[in-house]
Structures are given as C-alpha cells and as structure tokens.
Protein chains: 2
Amino acid sequence: MDTDPPLQLRVFNLNCWAIRYLSKLRQERIGLIGDTLRQEGFDLALLQEVWSERDYCELKQKLTACYPYSHYFKSGVIGSGLCVFSRYPILDTFLYQYSLNGYPYMLQHGDWFCGKAVGLLVIKICGIIFHVYVTHLHAEYCRDKDAYLPHRVVQAWELAQFIQHTSKGADVVLLGGDLNMHPGDVGIRLLRGWTGLRDSFPDTERFEGCEDGCTLVPTNCFINKEELQPFPLGIRIDYILYKGLSHFAVKCDSLVTTTGTAPGKSIPYSDHEAVMATLCVKPREEAKGSSSAIEPELVDVVNEARTEVRVGLHTAERQRYSNGRMAILALLLLLLQAAMGLSSLVGWDSPQPFPKLSFSLLSLLATVVLLLSMVVYVFHTIEVKMLQGTEEQMRLALQALQDKLSSM
Amino acid sequence: MDTDPPLQLRVFNLNCWAIRYLSKLRQERIGLIGDTLRQEGFDLALLQEVWSERDYCELKQKLTACYPYSHYFKSGVIGSGLCVFSRYPILDTFLYQYSLNGYPYMLQHGDWFCGKAVGLLVIKICGIIFHVYVTHLHAEYCRDKDAYLPHRVVQAWELAQFIQHTSKGADVVLLGGDLNMHPGDVGIRLLRGWTGLRDSFPDTERFEGCEDGCTLVPTNCFINKEELQPFPLGIRIDYILYKGLSHFAVKCDSLVTTTGTAPGKSIPYSDHEAVMATLCVKPREEAKGSSSAIEPELVDVVNEARTEVRVGLHTAERQRYSNGRMAILALLLLLLQAAMGLSSLVGWDSPQPFPKLSFSLLSLLATVVLLLSMVVYVFHTIEVKMLQGTEEQMRLALQALQDKLSSM
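Residues numbered from 1 in each chain as written. Chains lettered and ligands numbered in written order. Predicted model: local features only at pLDDT ≥ 70, side-chain atom pairs only at ≥ 80, totals over all residues. Heavy atoms only, no water.

Labelled according to an unreviewed UniProt entry, chain A appears under the name Sphingomyelin phosphodiesterase 2, originating from Gopherus agassizii. The UniProt entry for chain A carries this comment under Subcellular location (unreviewed entry): "Membrane". Database annotation for chain A, UniProt heading Sequence similarities (unreviewed entry): "Belongs to the neutral sphingomyelinase family." (UniProt positions renumbered as here; feature names shortened; annotations may be inferred.)

So, in structure tokens, the structure goes:
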C-alpha cells in the first residue's frame, strides 16, 4: 500500500450511440472517439452502445498501443454494447444480465434485444484492486408515462445488489455508464444509498462542461430538441460514480463534459456528451470499517422503489391476464373453425356461412394471435415472477435496514 | 471470533421433485419432508424442485417454529424451485439466473421454463458470516449424447464465477444443490478447481448411506431403472460443498444419505436421496492468505470446459442458420401464395393450381413456421452470443492462470 504520491486516474465514459445502419455518421464518430482516446491517453475508457463488434474491433486495433487491455461484454441478441479499454491489465470479468429489460414485442424500442447488463472488470493499478462496473439501463422514452420505470427500478436495485455483493474484495469501486435516470430519480437514489457510491458531479473540485453536468443537451445536433423541451439545459443521465473501501479514499479532482461537439471538431462524438473524470486515490490514514453508517432516508427510498415495483407488478399481471384471455379466444375460434371445416368436409353442413377466402384468412389470423399471445403470456409470467421476487427482496432489505437502524 | 468450542452445523439438502400434477405422491412427500425437517431440527435446509409456491408455503407454515427464517427464489415461468429454511436470520439474498438453460421449444424437458439459477443467502451464525448458495443445474437427459452439456458447463462456470465474486466478504462458503453432474464430470471439476470448494463425500470422516454416496439410486421406487442401467449402484449428482475463508476452517464430521426410502417409512422423500452433512467450523490458528495456491491441473480443466463450450457454439450456430433458412423459405412461400391469391382475385390467373383448402392450410403452415422459426432464430442468436462470451471469458481466465503459474 505504498501509493504515495496519490494515484491519479483519468476515466472516460461515453454512450457512443453506434447502431449500424441507424446512427448518423457512425463511422466518422467511431473514428473520432478512437482518435481522442488515443491522443488523450486516459487510464480507463468505459463505453456503452458499441452495438457492433466490428466497431469494437476497429477501436481495439486503433487503441492497442495506448490501451493494451480491453473487453467487450456479449449478451442479448445484438450484444450488450458495453466495452472497456484499459491501460492496466484486466484480471477478471463477470457479466450480470438484468432480469427485466423491456419487452421483446416493443420492436421500436429494442432494449430487450440488447440484453442490458452490468459488466464487472477487476483491474489492478499500482497494487490497488479496482472493481470497475460498466452498465447501461433501460431507456426512458416518455417521462410522463414511463412504462419502463418498474423495469429500470428493478435494474437499479439489481445493479446496487450486484455491486454490493461483488465488491467486498475491492479497494476502489468505480461505476460508469448511461443510467437513463436523472440525479433525483428513485433508481439513482436507491443505487447511491444502497452502495454508498459518490457522484462525481456534485463531488468534484473543478467542473468544466455543460451546465448542471448535463450529458444530453439541446445543443447536440443529434438530439431531438422537442424531447428535451421540458429541460432547457438538458438532462444528466450519464455518470461516473466511485467509492473507496477500507484502506483507500477516493475524490474527484476534476470533471469535464463535452459540450455538444467534440473538442475542436464540428460534430459530437455521440448524441450523449462524454464524461471525463480525474480521480485521486490515496490510502486512508485509518482503515474504514466495513459497516458504514446507514442513512435513515434509505428506508424511504427503498419503500419508494418498492412502490414502483408494485405498480409494475399490477401492470404485468393485467398484461398477462389479457394475453391469456386473447390466447383462449383465439384457440376457441380455431376450434370452431376446425369443427365447421370438418363438418363441411363430411357434408353435414354443406352451405358454408363464410366465403372460403375470409374463412382461411380468419384461421390464419387466429393462429398468429394464438401463437403470439402464448409467447407474450409466457413473457409476462416471467416478468410477474421477477417483480414479485424483487418486491420480496426489497421487503427483506427493509426489514434488515430497520433492524439495523433500531439497534444503532 | 470467540467460537470455542467449534460450531457444529447440520445441513440438509434435497431435490424434492415436487411438480404439481406430475410428481407421484407429491403431497404426501412434502408432508413427510416437513415432518422430518421439524423433527430433526437441522440448522439449514436447502431444497430444490419445490416448483409450487403453495408447497413452499405449506412447508413454511409447518416449519415456522423450528426454522423461523426462510426464502423462496422466484425466477423463470414456473419459479426457480429453490428455497431455504434456516434456524438463523437471513441477512440478505441475491439471485443469479444462468444465461443459458436449455431451449423453450423443448417442452418435454422443461428446464428453460424453470429459469434455473443460483440463490445466495447471507446468514450470520454465532458471529460467523456464511454465504450459502443453493442451485439446480440443467438436467442430463441422455449421457451418451448430451445436447445440454455446453449449457451445463456454462452454468457450472457462471456458478463458479458467481461464488468467487460474491464470497469475498464471507467467513464460510456453503453450496448445496442438484448439480446434475457426476463427480468426475468437467463441470464439477471446473467448479471445484475454480472456487476451491471441498466435496463433503470424499472429505467426510464418517459416512452412512448409499454406496459411493449416490443420490440417484435404483432402489428408489420413483426411479426409472432402465435409465440407471449403466450405473448399477446409482449416480451422485447432489452435493454439499464448502470451504472456510481467511480465519475459519471447515471440515465435514459426518455425511448421511437416505437409501431409497425415508427413514422408517415405506416411501422415499423424492426421486433423489437427501444429503445430510454435519459440518464443523472453527477458527484457524493462522489466517489463510486470500490467494490460495493454484493447481496446474486447473488449466487443463478450463481448457476442457472451453472445448465443450466451443462444441456448443458450433451446434448453436448451425441451429441458428437452419432456423434462419427455414424462416426465409416460409416467407418466400407466403409471398408466393399471396401473389397467387392476388392474381387469382384480380382474374389474371383464374384456374387456381391447388384446391382452396390445401392452399389455405399451406399458408397457415407457412405462417406458423415463419413465426416459430423467427422466435427460435432469435433464441439461438442469444445462445451464440452467450457461448461466445463464455468462451472469451475462459480464454481470459486461462491467460490469467498461466501468468500466475509462470510467476510462481
């Protein structure tokens, strides 16, 4: 633990918005990101939405001299989009896929197909064990009527639990990613309260960049200005969070965001702004106990999150019920048609009540509806189970919290 | 850490085979299991295949006095089937669902619908932190041509990784479950080699029960004798594994299995035999270093596992390809039929080449095939991604292992 002078760590975080065939100027931007990472020589670059492994390979090839270690987390149909470039050896990796992540039939949103997850990397820098987490939570498509809020709350809870359970061997915990939550949202309060992670924006000594640390700003040319109308300055949804454990203390010396364009260029890196933090890690004079003080507000936060999960549970149960009913109706229609078809074949009921084409199309439709609603029924059953499980886990957590608080 | 005299812990593990409407004498057996657990007063009971939450609630009600703490892990469509009854408070729980777990279209096997997972419980007993893991891996339906071997190897790898990453804060690690692997199988060697967990059967000082510690034996009346023909004594697939970390040492004082019937009864608890271990936990005189010695054989085991994953990857790629091809053919057929139907409607081609009923049935079939093969294609794409990810992780692990070995 001979780390005097303190370790300075430069971390880059960016949601790259690199969807093949869909994202504008993807190749130019990936090139630009690679060039910047190479020139700036960060210690760690945490990237999200690198959906194509070809883009990852292009970056890897370009960055191999500067960042000899890298990892791409594979998951879902498309890939998790998460990757990390590091100047220091990656000792181990582990992926946790969120149990809930939108709906496969919401093709226009597509989150389900990405298999959203949190990736853990164990990295040793100057003898200090870093547990680096990179993640991307479910997008928020409509803030007023956010159908995915329960899923995002479950993801935030699983992320918090995953970090708590897997970081016991770490000296420093670092989380970077697009959390798709505003700083005051229940999910982020839950995550921070449960894990004790500190937010680099309010904590930094020096800040430079978009006002309020926003990472989705109206001045970015790829942003749909209308969607950001309620937030004239933009919103902050990309974070670098950190904490030091036992023997180490971490503070954020400086935080920088890009401001609508890449420095010195006419286009931005992405539709999100990059977040760059300089962290200072130094040994604590006195080792911190493993059981840090619990904030009494955490009980309210867990309660609030639990309420969101319950709301999601009711919706999921309703959706499961309507899909079950739809499947039964389609099955009944098919059986009726089969009976009619058979009876007309054996000549019991020769004058068919429908024209043959409509009859065929109707049976086709009934089959499609039956199959799809069965699949969706199964899907919502899984959703119900997971929401029930999370609700139960939160109940247990609340109980444990209250026990701890009352014994304090 | 004043735990003199050593802590004696009695652990019960059983795959309960409690599938509603399918498992024979389910209710009687659940009653019997509850009675035994109450009478025997174990410290911990780890149960698998309690598929119905009603059965869990029945057990919970019966055992509430003896085991005031319990937890049921919800996952998948049916539920994970995993539950734990404990005499000591459960401080925290966490669930990790395996990323691969059979195929949804293999309805006759049904593993996919169970959402197989590993559940972690943090339990404090006499000041000692136990991380208790309960799990159930994918079943083996045909040993000679085991189509699920790659999935089971991935599960064993994820289980090992999950235990390694989440047990850093534990004093004692305990794993109980139906691993569906024989003691010499690559998955169990990988799990034991990677985690350093010890197997209670070869390690116990006193053993009583089925020969070779078998937990699936031909004398059990629920067992299909033919399936066990290559193994006249039976097979051992249910385990209690353990290890002590840093300050604690664990050994197995005695191990007992049931022998085809429940003690003093005419029927067995389940089609599996119960495993009951008495573990002795005592403080180590000298704290063990966190980096235990690596066995050089582990490199071979990881290599062997990686080969299995590669074999699975080839199969998954082939299956994805054939489903993609099938979907394209069905789509082409549908388009052709639509063109024929339209042309006959507008009178270009009045004599229809097929009778109308066959024509309709064919389009119905094509639609069903198109939908199903699209869903299966997406499913195999996820499988390919996960197998590639695991293979890459194993490559990284091998590299790290070899680096460590060469620096020793």
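We now examine the overall build of chain A. Looking only at helices and strands, chain A features eight helices and 13 strands. Overall, the C-alpha framework of chain A stretches about 95 × 60 × 40 Å when taken along its three principal axes. Counting the 408 residues in chain A, one finds 56% classified as buried. For chain A, the proportion of contacts with a sequence separation of at least 24, taken over those separated by at least 6, is 75%. For chain A, the computed accessible surface area is about 17,800 Å², with 56% contributed by carbon and sulfur atoms. Between the averaged position of the 38 positive side-chain charges in chain A and that of its 44 negative side-chain charges there is a distance of 4 Å. (Helix = DSSP H or I, 4+ residues; strand = E, 2+ residues; numbered from the N terminus. Buried < 20%, exposed > 50% of the residue type's maximum accessible area, 1.4 Å probe, protein only. Contact = heavy atoms within 4.5 Å. Areas by Shrake-Rupley, 256 points an atom, 1.4 Å probe, with all protein chains shown as cover. Lys, Arg positive; Asp, Glu negative; His and termini not counted. Charge placed at Lys NZ, Arg CZ, Asp CG, Glu CD.)

Moving on, we come to the environment of Ile240(B). Residue and element names in this part refer to chain B. For Ile-240, the position within the fold is in strand β11 (residues 238–244). Between the alpha carbons of Ile-240 and Thr-315 there is a distance of 33 Å; along the sequence they are 75 residues apart. Apart from the residues lying within four places of it in its own chain, the contact partners of Ile-240 are Val-11, Asn-13, Leu-174, Leu-175, Arg-198, Asp-199, Ser-200, Val-275 and Ala-277.

This next bit is on the interface of chain A and chain B. Each partner contributes to the interface: chain A provides 49 residues, whereas chain B provides 49 residues. Across the chain A to chain B interface the summed buried area is about 4,000 Å²; carbon plus sulfur atoms make up 70%. Here chain A and chain B share two salt bridges between them. Counting every contact that joins chain A to chain B gives eight residue pairs in polar contact (both at pLDDT 80 or more). Residue classes in the side of chain A that touches chain B are distributed as 23 nonpolar, 18 polar and eight charged. (Buried area = accessible area lost by both parts, 1.4 Å probe. Salt bridge = Lys/Arg side-chain N within 4 Å of Asp/Glu carboxyl O. Polar contact = N/O pair within 3.5 Å; in protein donor to acceptor, adjacent residues only side chain to side chain. Nonpolar A, V, L, I, M, F, W, Y, C, P; charged D, E, K, R; others polar.)

With that settled, the discussion passes to the environment of Leu245(A). All names here are of chain A. Of note, Leu-245 is situated in the loop between β11 (238–244) and β12 (248–257). Note on Leu-245: relative accessible area 18%, which makes it buried. Once the C-alpha coordinates of Leu-245 and Val-172 are considered, the two residues, 73 residues apart in sequence, prove to be 5.8 Å apart. For Leu-245, the contacting residues outside a window of four places in its chain are Ser-167, Ala-170, Asp-171, Val-173 and Arg-284.

Look at the UniProt record and you will see "domain: Endonuclease/exonuclease/phosphatase" (unreviewed entry) annotated at residues 27–272 of chain A. Along residues 27–272 of chain A the backbone is 25% helical and 28% strand, and the end-to-end C-alpha distance reaches 16 Å.

All names here are of chain A. Relative to the helices and strands, Asp-185 resides in the loop between β8 (172–178) and α5 (186–195). Within polar-contact distance, the side chain of Asp-185 engages the side chain of Arg-143 at 2.7 Å. Every residue in contact with Asp-185, bar those within four places of it in the chain, is listed here: Glu-140 and Arg-143.

Time to look at the UniProt feature "transmembrane region" (unreviewed entry) in chain A. All names here are of chain A. Feature annotation in UniProt assigns "transmembrane region" (unreviewed entry) to the following positions: residues 327–347 and 359–379. Its end C-alpha atoms 30 Å apart, residues 327–347 is made of 90% helix and 0% strand. Annotated as 100% helix and 0% strand, the span residues 359–379 places its first and last C-alpha atoms 30 Å apart.

Another aspect to go through is the packing of helix α4 (residues 149–166) of chain B against helix α5 (residues 186–195) of chain B. Each pair of packed helices gets described by two things: the angle between the helix axes and the distance between those axes. All names here are of chain B. At a closest axis distance of 9 Å, the pairing of α4 and α5 adopts a crossing angle of 15°. In terms of orientation, α4 and α5 fall into the roughly parallel class. Handedness of the α4/α5 crossing: right-handed. Residues Val-153, Ala-156, Trp-157, Leu-159, Ala-160, Gln-161, Ile-163 and Gln-164 of α4 touch α5, and the partners they reach there are Val-186, Gly-187, Leu-190, Leu-191, Trp-194 and Thr-195. (Axes fitted to C-alpha atoms, helices over the stretch in contact; angles between N-to-C directions. Parallel < 35°, antiparallel > 145°, perpendicular 65-115°, else oblique. Left-handed = near helix turned anticlockwise from the far one by under 90°.)

As a further point, take the packing of aromatic side chains. What the rule picks out here adds up to 37 aromatic pairs over all chains. Geometrically, the ring pair formed by Tyr103(B) and Tyr105(B) is stacked, given 5.4 Å between the ring centres and 20° between the ring planes. Between Tyr103(B) and Phe379(B), the ring centres sit 6.0 Å apart and the planes meet at 70°, which makes this aromatic pair edge-to-face. Of this pair, Tyr103(B) sits in the loop between β5 (90–97) and α3 (111–114) while Phe379(B) sits in helix α8 (residues 356–406), and the two are 276 residues apart along the sequence. Pairwise contacts between aromatic rings join Phe94(A), Tyr96(A), Tyr98(A), Tyr133(A), Phe162(A), Phe94(B), Tyr96(B), Tyr98(B), Tyr133(B) and Phe162(B) into one cluster. Of note, Arg29(A) hangs over the ring of Phe222(A), and the distance from its end group to the ring centre comes to 5.3 Å. (Phe/Tyr/Trp six-rings, centres within 6.5 Å; stacked < 30°, edge-to-face > 60°. Lys NZ or Arg CZ within 6 Å of the ring centre and 35° of its normal.)

Turning next to the domain arrangement of chain A. Interfaces are often sized by the accessible area lost when the parts come together. All names here are of chain A. Assigned domains of chain A: these are domain 1 (7–283) and domain 2 (296–343 + 353–407). One C-alpha centre belongs to domain 1, the other to domain 2, and the line joining them spans 32 Å. Taken together, the 19 residues of domain 1 in the interface contact 20 residues of domain 2. In this assembly, domain 1 packs against domain 2 so that about 1,700 Å² is buried in total across both faces, 76% of it on carbon and sulfur atoms. Inspection of the region where domain 1 meets domain 2 yields one salt bridge. Between Glu-304 and Arg-189 there is a salt bridge, with the nearest N and O atoms lying 2.9 Å from each other. Between domain 1 and domain 2 we count six residue pairs in polar contact (both at pLDDT 80 or more) in total. Mapped onto the side of domain 1 that touches domain 2, the elements with two or more residues apiece are α4 (149–166) and α5. Tallying contributions element by element places α4 first for the side of domain 1 that touches domain 2, with seven residues. Among the residues forming the side of domain 1 that touches domain 2, the class breakdown is 13 nonpolar, five polar and one charged. (Domains from an automatic or database assignment.)

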